[in-house]
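# Understanding the architecture of this molecule
Letter by letter, the chains look like this.
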Amino acid sequence: MTTLAPLAGTRVLSLALNLPGPAALMRCRAMGAECVKFEPPAAPGRSADPMSLYAPAAYAEMHKGIARVQGDLKTAEGRAQLDDELARTDVLITSFRPSALNKLGLGWEALHARHPRLSMVAIVGAPGARAEEPGHDLTYLAESGLVTGCELPPTLYADMAGSLMASEAVLQALLHRSTHGSGTRLEVALSAAAHYLALPRQWGLTTPGGSVGGAHAGYRVYPCRDGRVALAALEPHFAQRLCAAAGLGAEAGNAMFRSSTHAAIAAFLQRLGCDEIEVIARQHDLPLHVLRDAAEPR
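The rules we used
Residues numbered from 1 in each chain as written. Predicted model: local features only at pLDDT ≥ 70, side-chain atom pairs only at ≥ 80, totals over all residues. Heavy atoms only, no water. Pairing = 2+ DSSP bridges. Helix = DSSP H or I, 4+ residues; strand = E, 2+ residues; numbered from the N terminus. Axes fitted to C-alpha atoms, helices over the stretch in contact; angles between N-to-C directions. Contact = heavy atoms within 4.5 Å. Patch = residues over 30% accessible without salt bridge, like charges linked within 9 Å, V, L, I, M, F, W, Y side chains within 5 Å. Areas by Shrake-Rupley, 256 points an atom, 1.4 Å probe, with all protein chains shown as cover. Salt bridge = Lys/Arg side-chain N within 4 Å of Asp/Glu carboxyl O. Buried < 20%, exposed > 50% of the residue type's maximum accessible area, 1.4 Å probe, protein only. Phe/Tyr/Trp six-rings, centres within 6.5 Å; stacked < 30°, edge-to-face > 60°. Lys NZ or Arg CZ within 6 Å of the ring centre and 35° of its normal. Expected span 1.5 Å × (residues − 1). Parallel < 35°, antiparallel > 145°, perpendicular 65-115°, else oblique. Left-handed = near helix turned anticlockwise from the far one by under 90°. Nonpolar A, V, L, I, M, F, W, Y, C, P; charged D, E, K, R; others polar.

### With respect to the sheet that holds strand β2 (residues 34-39)
Within the open sheet, the six strands sit side by side as β3-β2-β1-β4-β5-β6. Their pairing is parallel. Unpaired on one side and paired on the other, β3 (67-70) and β6 (185-189) mark the two borders of the sheet. Strand after strand, the sheet turns through a mean of 20° between neighbouring axes, direction not considered. Pairing of strand β5 (residues 119-124) with β6 involves five bridges; the strand directions are parallel. Each bridged residue has a counterpart across the sheet, and for V121 the counterpart in β6 is L186. Here helix α8 (residues 157-180) sits on the sheet and contacts β1 (11-14), β4 (91-94), β5 and β6; the angle it forms with β6, its principal contact strand, is near 165°. Where helix α9 (residues 190-197) meets the sheet, it contacts β5 and β6, and its direction lies at approximately 60° from that of β6.

Following this line, the structure appears as structure tokens:
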């Protein structure tokens, strides 16, 4: 398989701590960029990024191949050190609130005046005037309708989607410079990332009455004898194969929204074990994934 490196020959520097910024930098590194993380001072061999303390394994994985330098941006020496780094940088990634950047002399107008070819990708919580508001992944997901009960989401959707949007913004900034000859500032809001992920729900696709929200009998999670089955027989030909395998007749594939079809498929899967279901899936070319129960402790 061909491996592309569209950012080869470019230098990306990040001031962003915690998750979205480092994850975006990890993506840039995977695309061939020379990547540098500028962190606040810490003890020798340590990092001032909070994630290095509460999730050291995640921090280590995201910073593979990333050069790390330390400097105190609250001092003239630290700001001069950063300025020297920026003189050799194509794109700067930040995750500070705009007011904090201005206090450090890193507001876009001041930065652009000193380094006209430098671009900035500013990761913020919410867009525009709301960029000063406090927030986190959970609050942005809740705002977008993606928190539907009291259970926490299984992953940090807004942070990770925001990191992808930030790495996309790096590419956009470089394309802009290649056309216009100067750097630009692009803003990536985590709340906007959450809103983008929530679009299928807003369209009604994943609400309880939607095709992929539970209304279609072929697109559900069902219990089986020794676990669960994530079944995704959504398209008509898959639905027909599923119904044929369940003994309902292929014509039942045209009645996937009926409660009787739901009940019949649930009963069929309930009496089978995960291994048996995998055999049936191979025989009938069905899209599914079994989730086996954890082994009982001895």
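### Side note on a nonpolar patch on the surface
Side chains of Y157, Y196 and L197 sit close together on the surface and give an oily, nonpolar patch of about 300 Å² of accessible area. Following the sequence through the fold, L197 ends up in helix α9. Look at L197 and you get partly exposed, because its relative accessible area is 33%.

### Quick word on unusual backbone geometry
Positive phi, normally seen in glycine, also occurs at N18, with a value near 65°. If you trace the backbone, N18 turns up in the loop between β1 and α1 (20-30).

### Considerations on the pairing of strand β8 (residues 227-232)
Across six bridges, strand β7 (residues 219-224) lies against β8 in antiparallel orientation. Across the sheet, Y219 pairs through a bridge with A232, a residue of β8. In sequence, β7 turns back onto β8 through a hairpin of two residues. Relative to strand β9 (residues 288-292), β8 runs antiparallel, the two being bridged by five bridges. Looking at β9, one finds that R228 is bridged to L291.

### Section: the sheet that holds β7
Strands sit in the order β7-β8-β9 across an open sheet of three strands; the sheet is antiparallel. One side of each edge strand has no neighbouring strand; the edge strands of this open sheet are β7 and β9. Neighbour to neighbour, the strand axes of the sheet diverge by 20° on average, direction disregarded. Most of the contacts of helix α14 (residues 274-284) go to β9, to which it runs at about 170°, and overall it touches β7, β8 and β9.

### A closer look at the pattern of salt bridges
A complete count under the given rule lists 15 salt bridges for this structure. We note a salt bridge from R114 to D83, for which the minimum N-O separation is 3.1 Å. Of the two residues, R114 sits in helix α6 (residues 108-114) while D83 sits in helix α4 (residues 76-86), which places them 31 residues apart along the sequence. By relative accessible area, R114 is classed as partly exposed at 37%.

### Observations regarding the packing of aromatic side chains
In this structure the tally under the stated criterion is zero aromatic pairs. The aromatic ring of Y222 is capped on one face by R220, whose charged end is 5.9 Å from the ring centroid.

### Things to note about α8
The terminal C-alpha atoms of α8 lie 34 Å apart, and with 24 residues this matches the ideal 34 Å at 1.5 Å per residue to within 8%. Restricting attention to buried positions, one finds in α8 the residues A158, D159, A161, G162, S163, A166, S167, A169, V170, A173, L174 and R177. Immediately beyond the C-terminal end of α8, within one or two residues, lies G181, with a positive phi of roughly 85°.

### A few points about the environment of G162
In this structure, G162 sits in helix α8. For G162, a relative accessible area of 0% gives the class buried. The sequence separation of G162 and L13 amounts to 149 residues, and the corresponding C-alpha distance is 17 Å. Each residue touching G162, except ones within four places of it in the same chain, is listed here: V188, L190 and A193.

### Considering α1
Along α1, the residues classified as buried are P20, G21, P22, A23, A24, L25 and C28. One or two positions beyond α1, positive phi appears at G32, with a value near 100°.

### Overview of the packing of α1 against α8
It is at 8 Å that the axes of α1 and α8 come closest, and there the two elements cross at 50°. Looking at the two axes, α1 sits oblique to α8. Read as a crossing pair, α1 and α8 show a hand that is right-handed. Side by side, α1 and α8 meet where P20, A23, A24, R27 and C28 of the first sit next to D159, M160, S163, L164, A166, S167 and V170 of the second. Among the residues making up the contact of α1 with α8, the classes are represented as eight nonpolar, two polar and two charged.

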